[in-house]
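Single-letter residue listing:
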Amino acid sequence: MLFQEPILQWLLQNGGFMDSQVFILNEKRNVTLTAYLQDDSQEFWRAKKRPAVVIFPGGAYAYCSDREADPVAQEYLRAGYHAFVLRYSVGWENAVWPNPLEDYDQAMELIAAHAKEWHLIPEKIAVIGFSAGGHLAASLSTLAKDINRPDFAILYYPVISFDNKMAHQGSKKNLLGKNIDNEKLIDYYSLNKQVDDKTPKTLLLLSYDDRVVPPMNSILYYIALNEHHIPASLHMFPNGGHGWGIRYDFAYYQEVKDLILKWLRYTQIID
């Protein structure tokens, strides 16, 4: 949990804390949005409009990792957020761009349409991405139309560059498909090259010994954010490899939770 509050734990464990709904966005591509919503009953002392997070699991654009999906939503629920899990287009044919971007746009339109009903703060919506899901979250931070750009981003060991020296080849292959050798597209989806003044504040989390997605991915993205004066933080842990997500056996599990909460407060995303 990002922080512990006994009443929140009790409500979550006893089913009075949230409502969950699954929306089918694209049946053919098996795209769904799972909404975990805080209870808006006025009997609960924290009933109010809330920020929200949209979570993108990793999986090399080949699949969506379950352990980087609903368990992550639970963590942010406990911290007072509404949480959404987008299982976006994946697989050799379905993942080809712009399908994942269209999935996100559709999800954001759905969330916007229900913002009042769900007691959601439209200007405080984050994207949280893991590995290839981090690439998608960074893509939305840099390439999405302005109305749907997120307000902040948290990227766990993200794929950023498609340069062959540091690219995660599986993610690159699934996203670019038959255009994998197209230099123009390689540059376009190397997201450190797409940062602009509208890119949201970003927190980057990774490990020095990541052998799956080289740390230089995050470093290049951080440098680009810094060059555009975007508030950003990069935290590189000395070990842990790739894919540690919210695993309890990750050596820096508590540190990650604490620094996320501090960063959210420092950037005035939460009170």
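Owing to the predicted nature of the structure, the values given are computational and were not obtained by experimental measurement.

Let us now look at unusual backbone geometry. Omega for the bond connecting W97 with P98 falls within 30 degrees of zero, at 15°, which places this linkage in the cis form. In this structure, Y61 is a non-glycine residue whose phi angle is positive, near 60°. Here Y61 lies in the loop between strand 3 (50-56) and helix 2 (70-78). Owing to a relative accessible area of 0%, Y61 belongs among the buried residues under this scheme. In this model, H229 sits at a positive phi of 60°, which is unusual for a non-glycine residue. Residue position: H229 is located in the loop between helix 7 (216-227) and strand 8 (232-237). Owing to a relative accessible area of 71%, H229 belongs among the exposed residues under this scheme.

Summarising burial for strand 7 (residues 201-207): 6 of the 7 residues are buried, a large majority. Bridge count for strand 7 against strand 8 is 6 bridges, and the pairing is parallel. What sits directly across from T202, in strand 8, is A232.

Right, let's talk about the environment of L225 for a bit. By the element assignment, L225 lies in helix 7. In this structure L225 comes out as buried when scored by relative accessible area, which is 0%. When the C-alpha atoms of L225 and V195 are compared, they prove to be 6.5 Å apart, with 30 residues separating the residues in sequence. Once residues within four sequence positions are removed from consideration, L225 is found in contact with V195, T199, P200, T202, L204, I230 and A232.

Turning our eyes to something else, we now look at the nonpolar core. In terms of nonpolar packing, the biggest core is built from 52 residues, with F56, F84, L86, I111 and Y221 touching the most fellow members. Residues in contact with I111, not counting those within four places in the same chain, are L33, V54, F84, W118, L120 and I125. W244, I246, Y252 and I260 belong to the second-largest nonpolar core, a separate cluster that totals 32 residues.

What follows concerns the pattern of salt bridges. For the structure shown, the criterion picks out 11 salt bridges. Notably, a salt bridge pairs D66 with R87, separated by 3.9 Å at the nearest N-O pair. Taken together, the positions of D66 in the loop between strand 3 and helix 2 and R87 in strand 4 (residues 82-87) put the pair 21 residues apart, joining distant regions of the chain. R87 gets classed as buried once you look at its relative accessible area, which sits at 19%. For the salt bridge of R67 with E68, the shortest nitrogen-to-oxygen distance reads 3.8 Å. Since its relative accessible area comes to 45%, R67 is described here as partly exposed. Judged by its relative accessible area of 4%, E68 falls in the buried class. Look at the salt bridges and you will find they share partners, linking D146, R149, D196 and K198 into a network.

Analysis parameters
Residues numbered from 1 in each chain as written. Predicted model: local features only at pLDDT ≥ 70, side-chain atom pairs only at ≥ 80, totals over all residues. Heavy atoms only, no water. Helix = DSSP H or I, 4+ residues; strand = E, 2+ residues; numbered from the N terminus. Buried < 20%, exposed > 50% of the residue type's maximum accessible area, 1.4 Å probe, protein only. Pairing = 2+ DSSP bridges. Contact = heavy atoms within 4.5 Å. Core = buried A, V, L, I, M, F, W, Y, C linked by side-chain atoms within 4.5 Å. Salt bridge = Lys/Arg side-chain N within 4 Å of Asp/Glu carboxyl O.

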